[in-house]
Each structure stands twice: as C-alpha cells, then as structure tokens.
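Each chain, written out:
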Amino acid sequence: MHDQIFVSLMNIRKFHLSIVLTNQCNLNCVYCYECHKKRQHIQPERVKTIISEYLNSSHYDEVEIDFFGGEPFLEFQTIKETCEWVWSQRWKNKYIFFATTNGVLVQGDIKEWLRQHKKYFWVSLSLDGTRESHNKNRSNSFDKIDIPFFKECWPEQTVKMTISKETIECIYDNIVYIHSLGFNITGTNFAEGIDWENEKYIGVVASQLEKLCLYYIDNPSIKPVPLINMAIHKCAEDKSIHKWCGCGEHMAAYETDGKKYPCTFFTPMTFDKQTLNSVLRLDFTKHADFVDNDCLNNCYLEPVCNCCYGANLLTNGIVNKRDRSKCELMKVRAVYSAALKAHKLLNNTLVTPEDKLTIQAINKINEIYNS
Ligand code: SF4
Ligand code: SF4
Ligand code: SF4
C-alpha cells in the first residue's frame, strides 16, 4: 500500500513511478494475488524512455522510481543498466530508486552492487516473522535471506509483513521477533481473499493484540506497528471526502509490455483485460467516485480505515465498495490502539489539541466497540 508516499511537504510535487520489470517470481507465497504470472519482462531501453519522461517533467519535483515484480531482482541486469545510465546524466527532477524484494536473490554480485549504491538505491525486505512463520507463508525461503545485510545497508528502512491464516496465531511472536532484529515495521497487512469475519480469527487477533499492547507499554522506545497505532484522533475530526492513495494521479505503474496503469494493483498481473479496460475509463481525480458512502456516513472508524481500491475491485467488483471482510479486525485494532494511546496519555503532562481529539476518540471507541 502506498498512501504514505503522497504527503506533499512544503509543496514538493512527488510522483511515484512503478516499473514492473518481470511478472515472474522465484517464490510462491500462500497469499500472492498476482495470479496472472506470465513469462514476460520489460526491455531496458523502454525502462530508460519511461524514466526520462518523468525525470524531465515540469509537473513534478521528485520522482520515486520503484522497481516492481514478481521479484524485481530476477531482472538485475536491467536494474543495473538502467540505474547506471540514469546516474551518469543530469536531470531536472530529484529522484531515488527503490525496490521491495523477497530477499532470496540478494546474494553475490547483486549484494555487492547494492552495498556500493545503497545511498541511491533503497531496498525494503518482505519478512513475515520467525523462521517458522516466514517459511509457512513464503515458500521455505527464510534461510536463503541474508537478513543482517538489509539491516547493515538500510538501517532506517522498515520491513513489510503479511499476516495469513497460517500465521495468525503468531502475530505477537512475529512482530516481537522482527523488532528484535532491529527493524521497525510499516506494513502489517492481513492477506486478501480470506474470510476474516470468522469469529475464530477475531478471537485470536484480539488476544494477540492484547499481548502486543502490553509489549509496547513495557518497551516505550520501540515504535508500535500500525496495526495498533492507528491515528484515532482523526475519528474525532469532521469527516471529509478523500481518496486514500494517489493511484491514477500522483502515481503510475508500467507493465512489462510498457503500457501505463493507475498503480501496480491495477495491472494484468491481477485483473483480466476486460476488467482493466473498465478501470482505465475511470477518472481518478474525481475523489467522490471512490468514496463508499455507507462507510463515510455510518462508520466511526472510516477516517482510519485504510482502503485499497484494487482490493475493493478484486473482492467486490467495484472500486468504491469497500471490502467488509476486515471490519471486525478494524474494530479490534481500534480498541487496542485506543488502549495503547490511553496509556501514553496518562504519562503526558502537556496535552496538545491532537491529544484532546485522541481522548474523545478513546472514549467513543470504548463506548461503541469495547462493550
Ligand atoms: S514474493 Fe511477492 S510476488 Fe513473489 S510469490 Fe511472494 S507475494 Fe507473490
Ligand atoms: S470498518 Fe468496515 S464499515 Fe467501517 S469504514 Fe472500514 S470497511 Fe467501512
Ligand atoms: S489502489 Fe491499492 S495498491 Fe493501488 S496505490 Fe491505492 S492502496 Fe496502493
């Protein structure tokens, strides 16, 4: 998910450019939604042409160039050739290269090249927790990843973790393990396509989040995962019509055939041609067309309930009908986010306007969802 990238600071116009280098992957994760994996890859000359257009554009100031897959390092020669070509020239706009990897191919020459260019090429690792959990989700790949290498090169970089029904009982162990490696965690996504409403899952998540809440209370210097660190003060503000991410506006994804799509979710890796044609006819600047009015008007948690329009389309066949399969998870997350915030506020002597909203939200969340 990319919503955090589009915060425009001091009017800097940022663009997020994803380039799908290959549809192939060396793993077969249990939750992978990229179901149309074909043997295709993009040519380096096409990649250079696409990047040049954005680095010379007067519409942006900064471009984050995200090499995407499948597994992007299957196309390391294209990455290397493109980056070295870009670095050898002067461009109008600032830029940074970025890739998310499953880590398995980051060995030997690739590792040395990345170490050499770590200031200009950032890498984020997908890691689902302990050896046992990671192996269950991600094709027994744990022992093939040099985890300390990622920590050494990008100490500030966060890892992405996905929770599947196979690892739900170990959320606490997995998160604490990743923290013990010295990483913060940005994404803790629940895998798509699972009946998360099932009571047995909700009960397990609640007990895992309770333990996690106590862990963060005991370890106040560790940044809590977004799972129980929701910005609940927003629930106490006036509601507004908004779009959750920049898909189709401040971002684009180019597929292996060189065609442009609104983001990496809306590509032939996930959807068939007919569905994509209907997506390409949407006006992504009309934010009201992306709002689920039932959520906006009737749910207290709407301002913190992150929404992915690609996931909506995949689950409900329409971009503005939210996937309701995670509503109960959302309520549990809100209750434990409120508990953690309440503990922090108890030790606060200076109460800011945001804290006042947080206190209102804590009371309301407890009233509605914690009975
Ligand atoms: S590493 Fe990523 S692309 Fe590859 S199978 Fe796993 S989730 Fe899918
Ligand atoms: S929790 Fe459910 S009802 Fe509330 S905003 Fe999210 S999807 Fe909508
Ligand atoms: S639609 Fe989903 S995958 Fe695409 S940019 Fe938005 S949040 Fe990310």
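Note that the structure is predicted; figures quoted are calculated from it, not measured.

Caption draft 1: Fine view of the nonpolar core. Formed by 73 residues in total, the largest nonpolar core has its most connected members in Leu-17, Ile-19, Phe-67, Phe-73, Leu-114 and Phe-121. Per-element tally for this core: the top contributor is helix H7 (residues 199-218), with 10 residues. Taken domain by domain, this core gets at least three of its residues from each of domain 1 (1-125 + 243-288) and domain 2 (197-242 + 291-371). Residues in contact with Leu-17, not counting those within four places in the same chain, are Ile-50, Ile-51, Tyr-54, Val-63, Glu-64, Ile-65, Asp-66, Ala-252 and Tyr-254. Of all hydrophobic cores here, the second largest spans 19 residues; its members include Cys-263, Leu-276, Val-279 and Val-319.

Caption draft 2: View of the site of ligand 2. Around ligand 2 lies a shell formed by Cys-295, Cys-299, Glu-302, Cys-305, Arg-322, Cys-327 and Met-330. Looking at the shell around ligand 2 residue by residue, the class counts come to 5 nonpolar, no polar and 2 charged.

Caption draft 3: Spatial organisation of the packing of aromatic side chains. All told, the structure shown has 28 aromatic pairs when counted by the stated rule. When the ring of Phe-67 is compared with that of Phe-97, the centres are 5.6 Å apart and the planes differ by 5 degrees; the resulting orientation is stacked. Placement of the pair is Phe-67 in strand E2 (residues 62-68) and Phe-97 in strand E3 (residues 94-101), with a sequence separation of 30 residues. The exposure class assigned to Phe-67 is buried, which follows from its relative accessible area of 0%. Each ring, one from Tyr-215 and one from Tyr-216, has its centre 5.2 Å from the other, and the planes form 70 degrees; the classification is edge-to-face.

Caption draft 4: Looking closely at the pattern of salt bridges. According to the stated counting rule, one finds 15 salt bridges in the structure shown. In this structure, Glu-112 and Arg-115 form a salt bridge, with 2.7 Å as the shortest nitrogen-oxygen distance. Note that Glu-112 and Arg-115 are positioned in helix H3 (residues 108-116) at a spacing of 3 residues, about one turn of the helix. For Arg-115, a relative accessible area of 29% translates into the label partly exposed. With a closest N to O distance of 2.8 Å, Glu-249 and Lys-243 form a salt bridge. For Lys-243, a relative accessible area of 11% gives the class buried. Three or more residues joined by partner-sharing salt bridges are found here, namely Glu-45, Lys-48 and Glu-81.

Caption draft 5: Fine view of the sheet that holds strand E1 (residues 14-20). As summarised here, the arrangement of the 6 strands in space is E4-E3-E2-E1-E7-E8, forming an open sheet in which the pairing is mixed. Where the open sheet ends on each side, the last strands, each with one partner, are strand E4 (121-125) and strand E8 (260-261). Pairing of strand E7 (residues 251-254) with E8 involves 2 bridges; the strand directions are antiparallel. Across the sheet, the residue bridging to Tyr-254 is Lys-260, located in E8.

Procedures and definitions
Residues numbered from 1 in each chain as written. Chains lettered and ligands numbered in written order. Predicted model: local features only at pLDDT ≥ 70, side-chain atom pairs only at ≥ 80, totals over all residues. Heavy atoms only, no water. Core = buried A, V, L, I, M, F, W, Y, C linked by side-chain atoms within 4.5 Å. Buried < 20%, exposed > 50% of the residue type's maximum accessible area, 1.4 Å probe, protein only. Helix = DSSP H or I, 4+ residues; strand = E, 2+ residues; numbered from the N terminus. Domains from an automatic or database assignment. Contact = heavy atoms within 4.5 Å. Near = heavy atom within 4 Å. Nonpolar A, V, L, I, M, F, W, Y, C, P; charged D, E, K, R; others polar. Phe/Tyr/Trp six-rings, centres within 6.5 Å; stacked < 30°, edge-to-face > 60°. Salt bridge = Lys/Arg side-chain N within 4 Å of Asp/Glu carboxyl O. Pairing = 2+ DSSP bridges.

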